Amino acid sequence: MSITESRLLRALYDYESPDDKILNFKSGDLFIVLKIGDDYTYAVSAYGRLGYIPTNFAEQTTLSDNEYLQFVKNVLSLLESSLTKNPNITKRQINHAQVKLTQLRCELVKKLSKLQPITPESNAKAFVFDSSIERSNEDLSAPAEGTDQKEPDEEVANVEPSLRFTVHLSRQSTIQPSTASVPDDLTLELIEKIRLSTNGLNYNVCKLTLKSIMDCLKHRLPAWHDDCNTILRQINSCDQTISTEFILTSNDYLELKSLFNKLWFCKNDEQQRSWPIQEDEEQIKYILSSLASILANANPKISREVLCENNCENISLLITYYQMENRAVLKLELIHCFLQTIRLLPNVINEIMLPSVLPGALCNELINYKQDGRRWALASKLFTAIFSTAHKPPISIYDYINEQFINSLLDLVEEPNPTGEISISPELSIPPILAFNLHFNQDDDYNYVLNTLRNRQSASHLLENLVSYLNWHEDPTRITSILTNVSNDKHGNNLYFELEQLEQIEDQLNQGNKIVNSNTSDSLDRCLTNLGSSTGGRESSNGSQPNRQNAVHKLLLEIFDDSIIANLFYYNDVCVILDILLSFLNNSHSDDQNRLTYLKLFRKICENTNYKDEPHKLKEILKCLKLILTDEQSCSEEKRISEIIIELFV
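Conventions adopted
Residues numbered from 1 in each chain as written. Predicted model: local features only at pLDDT ≥ 70, side-chain atom pairs only at ≥ 80, totals over all residues. Heavy atoms only, no water. Helix = DSSP H or I, 4+ residues; strand = E, 2+ residues; numbered from the N terminus. Buried < 20%, exposed > 50% of the residue type's maximum accessible area, 1.4 Å probe, protein only. Contact = heavy atoms within 4.5 Å. Areas by Shrake-Rupley, 256 points an atom, 1.4 Å probe, with all protein chains shown as cover. Polar contact = N/O pair within 3.5 Å; in protein donor to acceptor, adjacent residues only side chain to side chain. Core = buried A, V, L, I, M, F, W, Y, C linked by side-chain atoms within 4.5 Å. 1 Å grid on protein atoms, 1.4 Å probe; cavity = no way out; pocket = protein on both sides within 12 Å on 5 of 7 lines; lining within 4 Å. Points joined across faces, edges and corners; volume = space filled by probe spheres on them. Nonpolar A, V, L, I, M, F, W, Y, C, P; charged D, E, K, R; others polar. Patch = residues over 30% accessible without salt bridge, like charges linked within 9 Å, V, L, I, M, F, W, Y side chains within 5 Å. Salt bridge = Lys/Arg side-chain N within 4 Å of Asp/Glu carboxyl O. Lys, Arg positive; Asp, Glu negative; His and termini not counted. Charge placed at Lys NZ, Arg CZ, Asp CG, Glu CD.

**Remarks on the overall build of the chain**
Then comes step 1: Per the secondary structure count, the chain includes 32 helices and five strands.
Then comes step 2: Classification of the 650 residues of the chain by burial places 51% in the buried group.
Then comes step 3: Put simply, 73% of the contacts in the chain that link residues at least 6 apart link residues at least 24 apart.
Then comes step 4: For the chain, the accessible area works out to roughly 30,700 Å², and carbon and sulfur atoms hold 48% of it.

**A short note on the environment of Gln93**
Then comes step 1: With respect to the helices, strands and loops of the structure, Gln93 is situated in helix H3 (residues 91-112).
Then comes step 2: Residues Gln93 and Gly51, 42 residues apart in the sequence, show an inter-C-alpha distance of 9.9 Å.
Then comes step 3: For Gln93, the contacting residues outside a window of four places in its chain are Tyr42, Leu50, Asn88 and Trp472.
Then comes step 4: A polar contact is formed between the side chain of Gln93 and the side chain of Tyr42, at a distance of 3.2 Å.

**Some points on the nonpolar core**
Then comes step 1: Formed by 136 residues in total, the largest nonpolar core has its most connected members in Leu291, Phe436, Leu466 and Phe560.
Then comes step 2: In terms of residues, this core owes the most to one element, helix H15 (residues 300-324), which gives 10 residues.
Then comes step 3: Leaving out residues up to four positions away in the same chain, Phe560 has contacts with Ala566, Phe569, Val574, Ile577, Leu601, Lys604, Ile605, Asn608 and Thr609.
Then comes step 4: Counting 23 residues, the second-largest nonpolar core is a separate cluster that includes Val44, Val75, Ile89 and Trp472.

**Thoughts on empty space enclosed by the protein**
Which parts of space are left empty comes out when a probe the size of a water molecule is rolled across the atoms.
Then comes step 1: Per the counting criterion, the structure on display carries four cavities of 30 Å³ or more.
Then comes step 2: Taken as a whole, the largest cavity encloses approximately 80 Å³ of empty space.
Then comes step 3: At four residues, the largest contribution of residues to the lining of the largest cavity is made by helix H8 (residues 186-197).
Then comes step 4: Of the residues in the lining of the largest cavity, the class split is five nonpolar, two polar and three charged.

**Describing a negative patch on the surface**
Then comes step 1: Together, Asp184, Asp185, Glu189 and Glu245 make up a negatively charged patch on the protein surface.
Then comes step 2: When you line up the elements, Asp184 lands in the loop between helix H7 (161-171) and H8.

Spelled out as structure tokens, the structure:
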């Protein structure tokens, strides 16, 4: 059963509860399931309220795909109100629900969008111009009676500059068709013009803007229909056909080269850097901020060309400059540059960043600058990204990233604000620990993370957060999760274009257009992949993050493989974990990649805690395991582990 077929429930009866965590509802109310449970199901109501509903008070129901899509959009729009209406709801729960609902929205749009071979006619329908910009000929020819009649130039002057071109052309019904063929690089040139005239609008948004303009022109000016369709086809293929000549002469390429050149001179200007009053700070800040902005918003192929030139010497320049720079404001801008570089070239993590001085410099930041919350947070995210690949670092790295360092992070987790001067949440201090632990395996003689935990008396906040991550299927060390969280700042959001395009596709569907081009279909897949990985799914292999293990699952398996560390968990926490595992296993399919991991964790808990002395939900657990044994689609390893667990209690 697909995600779109199993998540809609209808209430069978009225229900009221004094518990704020449980939703009140009337018979017939609709809910979208976020997490299936045995007795209670976690869901969001039609009014955007998050909470639990008794599982036996609701049944699965269906809506038409169009009705379901509109329902999901309405719920998304109301979701933020849960924060004010229920004090028990956290921002993290809202974010999790938004991701799940956007996944569902993508699935529904993909289901409604029936991919067909691209023809000139279908390609012409691929994008619908925004109705707020396009107006009918009647609207343009005669204003409504009683309204102020403006002169044409006055009316155009009041239109947003980026739209004036469209307004002018929509009036000109006598324009003759062009007899010249459309140049191959015209589309890229137009996109670059849009970026220049809008002070650096995101490349993908520029493409979307150009598509909207072309769609408008071919309907307003039928004589231009064929040329506009040619440009639309070029837009769909320009990322694959961009020439080296265009890259090397593009404005973004030349600007990036100029900025890196200026930064090189700043780095080597030893005399200026020795001044007591460093008068170059604003200049360097501007250089770095401009670099990060172009890397975030330019055509990715152009940015990669500059970053990869001369064996990636510009990336090495950034690393060297970060090591020698002490000013906080410049450190922040450099980290933005690094994160955008990782987004563009994930392989630089293992090939350049991990073996460099950068991890040591970040370690120094995390130890010595706890009072500067923003500086610490960004350093934490970059440190997490660098170690998120599970790649083995040079052995010399343990000279400074060792038990002392892990202990300092754990102290922040357990006492995030001991003096009143530090305010670092566990959500920032736990991911570096999880990421650093990824590269250790069973063959290693020493694991600094586990050894540090083994020597601590308590780690209750760490364990509490691990349980929460497990419950919400989150892995905060995933590259997509890190970059999406960081990119909510001035440099833009990595999912922005995909979600914008989702809106465009929905507009088509609302107008009865079922044909979507292959690039749009790819964008839906990419959006689903990014949303899935932000909630702990496996990322596709990209060279830097192969299908490596979920960082939360790995640490929990290792904790419960060691009876000493396992004893750090309170029995109630163990019961909560077992409830999570049991709920997942009861509702999972044999092809779910996490099922085997959860069974292994089940076994380790049974073997290395005092669970056997005081079993929790043993009857339900044994029933679940027997179902796995009798399931023909269960793999041999799942059946073997299930048998071992059952034998422990026979």
